[in-house]
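# Structural features, examined
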Amino acid sequence: MGWTGFMTSLTAFYLLHAIPVRPSVRPHLVSRLGQRGFGLAYSALSIVLLAAVFRAADLAPVVPLWSEPPGAHWLVLCAMVAATLVLAFGLFRPNPFSFGGSRNDYFDPRFSGLLRWIRHPVLFALVLWSASHLVVNGDLAHVVMFGSFAGFALLGMRLLDRRRRREWGPDTWRQKLAEMRAGPSTLPHPRNAALRLVGGLAAVLALMSLHPWLAGIAVHWRFLP
């Protein structure tokens, strides 16, 4: 595929995440597909294009920029544990500040949990994943891929905050933030917390096991004694 295929797939991936979600475009797509249909189609296309980007990066010419630092695989493991735990404790709960929240009408800023510090758990996890993998993938194609993913996530946080501030108004935005940050630092119910913790750690083990199929290279052996 070469550089043309890599840049084409990467551009298509970012266009998918820029155009369909625009306020002037999304309502038309939702009216045709329905909210559930839009979500399923958007998720399916995202996965397909992400797989295409991975494949194109593997097939692009190898231009080495740096070698993997010694012991950097442990940095990746720590970052992935943190990323999966952020997702485990940040998803499937009310979160009107970001996308992907469920039952947002029930959001209580006094009991925001992890969202008190991390308003955008999906994008924050994406930063951890891409930045840590950037360290251990020092060829040009993967540097461009993981570096742009990290930049995309950081920019996305700012754009989401700007959108919510515009939708709610500056005063309401500041009030909601102040209420959330002033609330007690509560933890989930012990049973809920245990389930989320186990789920996050199980996700790390699953990703390590599936890594040969997801990324074309086995990594679990690097952590064996």
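Rules used in this analysis
- Residues numbered from 1 in each chain as written.
- Predicted model: local features only at pLDDT ≥ 70, side-chain atom pairs only at ≥ 80, totals over all residues.
- Heavy atoms only, no water.
- Helix = DSSP H or I, 4+ residues; strand = E, 2+ residues; numbered from the N terminus.
- Rg over C-alpha atoms; globule rule 2.2 N^0.38 Å.
- Buried < 20%, exposed > 50% of the residue type's maximum accessible area, 1.4 Å probe, protein only.
- Contact = heavy atoms within 4.5 Å.
- Areas by Shrake-Rupley, 256 points an atom, 1.4 Å probe, with all protein chains shown as cover.
- Lys, Arg positive; Asp, Glu negative; His and termini not counted.
- Charge placed at Lys NZ, Arg CZ, Asp CG, Glu CD.
- Polar contact = N/O pair within 3.5 Å; in protein donor to acceptor, adjacent residues only side chain to side chain.
- Patch = residues over 30% accessible without salt bridge, like charges linked within 9 Å, V, L, I, M, F, W, Y side chains within 5 Å.
- Salt bridge = Lys/Arg side-chain N within 4 Å of Asp/Glu carboxyl O.
- pLDDT = per-residue confidence, 0-100.

## Here's the deal with the overall build of the protein chain
The number of helices and strands found in the protein chain is 7 helices and 0 strands. Helices and strands appear in the protein chain in the N-to-C order α-α-α-α-α-α-α. Relative to the globule expectation of 17 Å for 225 residues, the C-alpha radius of gyration of the protein chain, 19 Å, shows essentially globular dimensions. With respect to the three principal axes, the spread of C-alpha positions in the protein chain is 50 × 45 × 30 Å. When each of the 225 residues of the protein chain is scored for burial, the buried share is 36%. Relative to all contacts within the protein chain whose residues are 6 or more apart in sequence, the contacts with residues 24 or more apart total 73%. Summed over all atoms, the accessible surface of the protein chain reaches about 13,500 Å², with 68% contributed by carbon and sulfur. Across the protein chain, the centroid of the 22 positively charged side chains sits 4 Å from that of the 9 negatively charged ones.

## Some details on the side chain of R119
Tracing the chain through its elements places R119 in the loop between helix 3 (72-90) and helix 4 (121-136). Side chain to side chain, R119 and D161 meet in a polar contact 2.6 Å long.

## Remarks on a positive patch on the surface
On the surface, R158, R162, R165 and R166 cluster together into a positively charged patch. With respect to the secondary-structure elements, R158 resides in helix 5 (residues 140-168).

## Observations regarding the pattern of salt bridges
Within the structure shown, the criterion is met by 4 salt bridges. Here R164 ties to E167 by a salt bridge, and the two come within 3.3 Å at their closest N and O atoms. Note that R164 and E167 are positioned in helix 5 at a spacing of 3 residues, about one turn of the helix. The partner of R174 in a salt bridge is D171, with the nearest N and O atoms 2.7 Å apart. Of the two residues, R174 and D171 both sit in helix 6 (residues 170-182), 3 residues apart, roughly one turn of that helix. Under the relative-accessibility criterion, R174 is labelled partly exposed at 49%.

## Here's the deal with the confidence of the model for the protein chain
Per-residue pLDDT for the protein chain has a mean of 88; in total, 95% of the residues score no lower than 70. At the low end of the mean pLDDT range in the protein chain sits helix 6, at 86; at the high end sits helix 4, at 95.

## Notes on the side chain of S98
For S98, the position within the fold is in the loop between helix 3 and helix 4. Ignoring anything within four residues of it in the chain, the contact list for S98 reads R119, H120, L160 and R164.

## Focus: unusual backbone geometry
A positive phi is found at F92, a non-glycine position, where the angle reads about 55°. As for its placement among the helices and strands, F92 is situated in the loop between helix 3 and helix 4.

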